[in-house]
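Read off the chains here:
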Amino acid sequence: QETLMGKYGEDTKLIYELQDQGGELLALRYDLTVPFARYLAMNKITNIKRYHIAKVYRRDNPAMTRGRYREFYQCDFDIAGQFDPMIPDAECLKIVHEILSDLQLGDFIIKVNDRRILNGVFAVCGVPESKFIPACCTVDKLDKVPWEEVRSEMVGEKGLSPEAADRIGEYVQLHGALDLIERLCQDPKLSQNKLAKEGLGDMKLLFEYLTVFGITGKISFDLSLARGLDYYTGVIFEAVLLQQENEHVEEPVSVGSVAGGGRYDGLVGMFDPKGRKVPCVGVSIGVERIFSILEQRLEASGEKLRATETQVLVATPHKHLLAARLKLISELWDAGIKAEMLYKKDPKLLKQLQYCEDTGIPLAAIVGEQELADGVVKLRDVATREEVRM
């Protein structure tokens, strides 16, 4: 359990905790990033690039229609190691861009910000350092609730002064690209702040690399992006799908964030007995979120989804031919062909062909008494009903 505690900020309450028979306090993993950092520290790995698809668990309120569950898959991609600024960070964004484009999920935007810029904003707005992280968690809600609600939470629950909250409001509602970075670099207050200055310098570099990659059209530098997790130290990003107006669906389905990530340079050091740090940057993609959109897409288009990879169904037209089916399917399996048959002794041919239609199996290999006598198999194309003997 202590592996997970103190890494997630407010989200710690969403971790599943359990006790084993010996009374040891355990927890189910909340993401793939913390286990990855622990793995690097345990194995003294200072340099690695990897992807990982696995389940994580959150004690959240599920929302099935939006693809939000308590047990779900994430696909993570991370680059760990000491490199020159923003080169791996740009690659992570390139990968998110590539995946979301290839999946053809519709229009999306990748919001980018930097924890250092955000902390700089908090500092120049008069927020004490001890309240940076709580303020971050609150700003993170801006994509779901209006600024008024965020402001009242800052003042009411997080104990920020109304003046500080108003000053923060002027910044966190800004979004743009290189032009905005330039403007903030000229900001008299922000440019005096060491953290913000570093963050803005790196952000400029990042946008230069993203321009070379040719993906800035989908990237937005967005000061409201905070990401609620404690372990981010630099660049943070989140990919959001933009709602398609769809005439079939009365109620537009908002899925919101489908991928998120950022730089977490301090996490590996938390697990290293000597506190040795390994800089890391990574991104996590929500698999179920994407599935729920793809499923809605298919439903709306009326397309039929094929749920099996079976290439051929082994079928028989008469009774007492189970042995012939077993013999043929065994040969097909041994040859690496994906084959199925109905688990009945004497199924009717019509039923077998109907099964092919229902599941989208393209071919039926039919062996009847005549075929056995002739030493052939009748291969039937289920869609066109053409048959060849072979």
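This text gives an overview of the structure that appears in the document. Treat the numbers as computed from the prediction; the structure is a model and nothing was measured.

Reading guide: rules and limits
Residues numbered from 1 in each chain as written. Predicted model: local features only at pLDDT ≥ 70, side-chain atom pairs only at ≥ 80, totals over all residues. Heavy atoms only, no water. Buried < 20%, exposed > 50% of the residue type's maximum accessible area, 1.4 Å probe, protein only. Phe/Tyr/Trp six-rings, centres within 6.5 Å; stacked < 30°, edge-to-face > 60°. Helix = DSSP H or I, 4+ residues; strand = E, 2+ residues; numbered from the N terminus. Lys NZ or Arg CZ within 6 Å of the ring centre and 35° of its normal. Core = buried A, V, L, I, M, F, W, Y, C linked by side-chain atoms within 4.5 Å. Contact = heavy atoms within 4.5 Å.

1. Notes on unusual backbone geometry
Across the chain, the bulk of peptide bonds are trans and the bulk of non-glycine residues have phi less than zero.
Now for step 1: A positive phi angle, near 50°, is found at K44, a position not held by glycine.
Now for step 2: Under the relative-accessibility criterion, K44 is labelled exposed at 61%.

2. Re the packing of aromatic side chains
Now for step 1: Here the structure, examined in full by the defined rule, presents five aromatic pairs.
Now for step 2: Consider the rings of F122 and F132, whose centres lie 6.0 Å apart with planes at 45°: the pair is tilted. In this pair, F122 is assigned in helix 3 (residues 115-124) and F132 in helix 4 (residues 132-139), connecting sequence segments 10 residues apart. Taken as a pair, F122 and F132 share a single burial class, namely buried.
Now for step 3: An aromatic cluster of at least three residues, connected via ring pairs, comprises Y8, Y30, Y231, Y232 and Y264.
Now for step 4: Cation over ring: K94 sits above F213, and NZ or CZ is 5.9 Å from the ring centre.

3. Regarding the nonpolar core
Now for step 1: Within the largest apolar cluster, 62 residues are counted, with the highest numbers of intra-cluster contacts made by I110, V112, F122, I168, L206, F221 and F237.
Now for step 2: Leaving out residues up to four positions away in the same chain, I110 has contacts with L93, V96, H97, K218, I219, S220, F237, E238 and A239.
Now for step 3: Within the second largest apolar cluster, 23 residues are counted, among which are Y8, I45, L225 and V268.

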